Amino acid sequence: MASLLHQIQHQRVTIAAPLALDSGQSLPATTIAYQSYGALNDDKSNAVLICHALTGDQYVASDHPATGKPGWWARMVGPGKPIDTDRFHVICANVLGSCMGSSGPATPDAATGAPLGMAFPVITITDMVRAQALLLDHLGIARLQAVVGGSMGGMQALAWAATYPQRLGSALVIASAARHSAQNIAFHEVGRQAIMADPDWQGGQYYGSARAPTKGLAVARMAAHITYLSEAGLTEKFGRRLQARDIKSFGFDADFQVESYLRHQGLAFTDRFDANAYLYITRAMDYFDLADPHDGRLAGAFARAKDVRFTLVSFDTDWLYPTSESRRIVQALQSVGAAASFVELSAPFGHDSFLLDVPALDRLVAGALGSGF
Amino acid sequence: MALRPDLAIIADAVPPGARVLDVGCGDGELIAALRAKGVDARGLEIDPANVTAAIARGQSVVQGDANRDLADYPDDAFDYAILSQTLQTTERPDRVVDELLRIAPRAFVSFPNFAHWRVRLALLWNGRMPVTRLLPVAWYETPNIHHVTVSDFRDLVRAKGIRVERVWHLSGDRPTSDAAASWRAEHAIFLISRR
């Protein structure tokens, strides 16, 4: 399916200037696929950038071109919604390294025309943000009213504040962290090893072949999906209920509903995502630690961001990016005197709460964007 | 809606342009009044529903506990700290006062006066912990774990060498004279500062 994925036509621009990356390498040219919603006003002051999560994409409020499903944040973005496209010009770009039209491991080598595969340079969250800044330059947008993101999108919002504070009015960071923990890295490594252990991965050069590492990618998604849910949520949804049978099979079919659900999630994921992109983006997240360039002092990352208004939201059942990580960010922001809001919301859905029906989150997002403070 | 009288006094006394932290800001009622007059007001609040309401109004409010989380603010981060109707709920009111005057040179502290005549009467005649308009919750479930009187608070700040710049006494939501305030004030607002 990965080959079909790469046949989709996306709205995109290619910026021909080289992009210097954190790794020391550079991209000779950068292609960025993006979607936008709502009109840009005359003085170009109403732009809101939404940053997507690991397996998200730029189709934040429009149907996904591969699956036909509604946009991943359609409940939040649109006319009259908390991120109101009657007021804001909303931009969402596919992150660098991904597989929905932006430069990534499926991008052809300029010399040979063959997909780069693992020859694509390793990128970071800040590299993703640099690419987004290139897109804004191209669109003539000097300053964002706000940057908004959940999970890895929140990491990009934080990196925006650290890298381009003068281009930013406010940052809304939901269910996120300023660094990846050992546990976060560990889960990602399980996913990457599942992909790379699949013989169909072929060292990453599977694009032209009839085989793609869909089994490995599905297992990676299954492991990750568990981390997005809470134990209570899983128990409530599935318990120990059996799948389409009355008695245990004493075999290795998907006896339990939770197994069947995970297998379905894993398989469906391979229709819309590329295994190499999963490797690159998880790596970028693992390398993320905003305090690292500042001798471990997170406040150092925000020293130039005093005038950015921050809103941080965590969820009480999110054990992937727990409240303690948001608090750590708030402490760093307070120590530099930046205006910060923070609240831990109660929601049953674990990390995925930021994507789901949490009415308090809608009010918070609208409030955080509504004030022209 | 009209501001609670103690909040109206504080809102009136803070000059425009000041940087203020409202500790225990509730749903941001005072912050809204302060921002309307050009004060850079932020908040700390323990109840997430209140914090959500304040952020939804466009305010900068952090969910946190006055007993612990004031430590996260640097020295002199603000011009004024405000602690209204919250001192008596803290674990160590003396340390909270220290923290207020660390993060700001001046602080407003308001609290219900436990020596008001109704309280004295309730104890004297009934022999029971009083339940009054400003102290409406029974002893076993009240958040007010450190009842304090006007005289107690004066003793505390004197012992700490803190200056009292101004005091307002309220009775029935109206100002009352300083004379016999210990008996007659239902509620006191102190503006204190570092010496």
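We now turn to the structure provided with this report. Just so you know, the residues in each chain are numbered from 1, in the order the chain's sequence is written. Naming scheme: in the order in which they are written, chains are lettered from A and ligands are numbered from 1. Predicted model: local features are reported for residues with pLDDT of at least 70 only, side-chain atom pairs are reported and counted for 80 or more only, and whole-chain, interface and lining totals are derived from all residues.

1. As for the overall build of chain B
Stated formally: Helix and strand assignments come from DSSP, with helices taken as H or I runs of at least 4 residues and strands as E runs of at least 2, each series counted from the N terminus.
When you go through chain B residue by residue, the secondary structure sums to 7 helices and 8 strands. Dimensions of chain B, computed from the C-alpha atoms along their principal axes, are close to 50 × 35 × 30 Å.

2. Some details on the overall build of chain A
Note the cut-off: Radius of gyration here is computed from C-alpha atoms only, and the compact-globule reference equals 2.2 Å multiplied by the residue count raised to the power 0.38. Throughout, a pair of residues is in contact if the C-beta atoms placed from their backbones lie within 7 Å.
The helix and strand tally for chain A stands at 11 helices and 12 strands. Here the C-alpha atoms of chain A give a radius of gyration of 20 Å, agreeing with the 21 Å that 2.2 N^0.38 yields for 373 residues. On the principal axes, the C-alpha backbone points of chain A span a range of 65 × 50 × 45 Å. Considering only residue pairs separated by 6 or more positions, chain A has 70% of its internal contacts joining residues 24 or more positions apart.

3. Quick word on the interface of chain B and chain A
Worth spelling out the cut-off: Just so you know the grouping, Ala, Val, Leu, Ile, Met, Phe, Trp, Tyr, Cys and Pro go in nonpolar, Asp, Glu, Lys and Arg go in charged, and all remaining residues, Gly too, go in polar.
Of the residues lining the interface, 16 residues belong to chain B; the matching set on chain A comes to 23 residues. Looking at the side of chain B that touches chain A element by element, the count peaks at 5 residues for helix H3 (residues 48-56) of chain B. The class makeup of the residues in the side of chain B that touches chain A is 9 nonpolar, 4 polar and 3 charged.

4. Some details on unusual backbone geometry
Operational definition: Residue burial here comes from a neighbour count, namely the number of other C-beta atoms, placed from the backbone, that lie within 10 Å of the residue's own C-beta, with 20 or more meaning buried, 12 or fewer meaning exposed, and in between meaning partly exposed.
In the Ramachandran plot, lysine 44 of chain A falls in the positive-phi region, its phi being about 55 degrees despite a non-glycine side chain. Structurally, lysine 44 of chain A is set in the loop between strand S4 (30-37) and strand S5 (47-51). Of note, alanine 180 of chain B is a non-glycine position whose phi angle comes to about 60 degrees, a positive value. Within the fold, alanine 180 of chain B resides in the loop between strand S7 (174-176) and helix H7 (181-184). Residue classification places alanine 180 of chain B among the exposed residues on the basis of 11 C-beta atoms within 10 Å.

5. Notes on the packing of helix H11 (residues 359-370) of chain A against H3 of chain B
This is how it is decided: A fitted line through C-alpha atoms represents every axis, and for helices the fit uses only the stretch in contact; the resulting angles, taken between N-to-C directions, go from 0 to 180 degrees.
Interhelical geometry of H11 of chain A versus H3 of chain B gives an angle of 35 degrees and a closest axis separation of 7 Å. Between H11 of chain A, through Ala360, Arg363, Leu364, Ala366, Gly367 and Ala368 of chain A, and H3 of chain B, the contact on the second element is made entirely by Thr52, Ile55 and Ala56 of chain B. Looking at the contact of H11 of chain A with H3 of chain B residue by residue, the class counts come to 6 nonpolar, 2 polar and 1 charged.

6. So, the nonpolar core
Note the threshold: Residues of type Ala, Val, Leu, Ile, Met, Phe, Trp, Tyr and Cys that are buried and joined through C-beta atoms within 7 Å form what is called a nonpolar core.
If you look at the biggest cluster of nonpolar residues, it comprises 173 residues, and the most contacted ones within it are Val48 and Ala171 of chain A together with Ala81 of chain B. Beyond its immediate chain neighbours, meaning those up to four positions away, valine 48 of chain A contacts Ile83, Phe88, Val90, Leu144, Gln145, Ala146, Val148 and Leu369 of chain A.

7. Remarks on the packing of helix H1 (residues 5-13) of chain B against helix H2 (residues 29-36) of chain B
Residues and elements named next belong to chain B. Heads up, the condition is: For classification purposes, angles smaller than 35 degrees are called roughly parallel, those larger than 145 roughly antiparallel, those between 65 and 115 roughly perpendicular, and all remaining angles oblique. The crossing is said to be left-handed when, going from far helix to near helix, the turn is anticlockwise and less than a right angle, and right-handed when the turn is clockwise.
Two elements in contact, H1 and H2, have axes separated by 10 Å at closest approach and are oriented at 30 degrees. On the basis of their axis angle, the class for H1 and H2 is roughly parallel. Crossing angle aside, the handedness with which H1 passes H2 is right-handed. Between H1 and H2, the residues in contact are Leu7, Ile10 and Ala11 and Glu29, Leu30, Ala33 and Leu34, respectively. Residues that form the contact of H1 with H2 fall into these classes: 6 nonpolar, no polar and 1 charged.

8. Concerning the pairing of strand S8 (residues 187-193) of chain B
Residues and elements named next belong to chain B. Where we set the bar: Two strands qualify as a pair provided DSSP detects at least 2 bridges between them.
A large share of S8 lies buried, amounting to 6 of its 7 residues. Sheet analysis places strand S5 (residues 106-112) next to S8, joined by 7 bridges and oriented antiparallel. Residue pairing for S8: serine 110 is matched across the bridge by isoleucine 189. For strand S6 (residues 163-171) and S8, the ladder comprises 7 bridges, and the chain directions are antiparallel. From the neighbouring strand, valine 164 faces S8, where its bridge partner is isoleucine 192.

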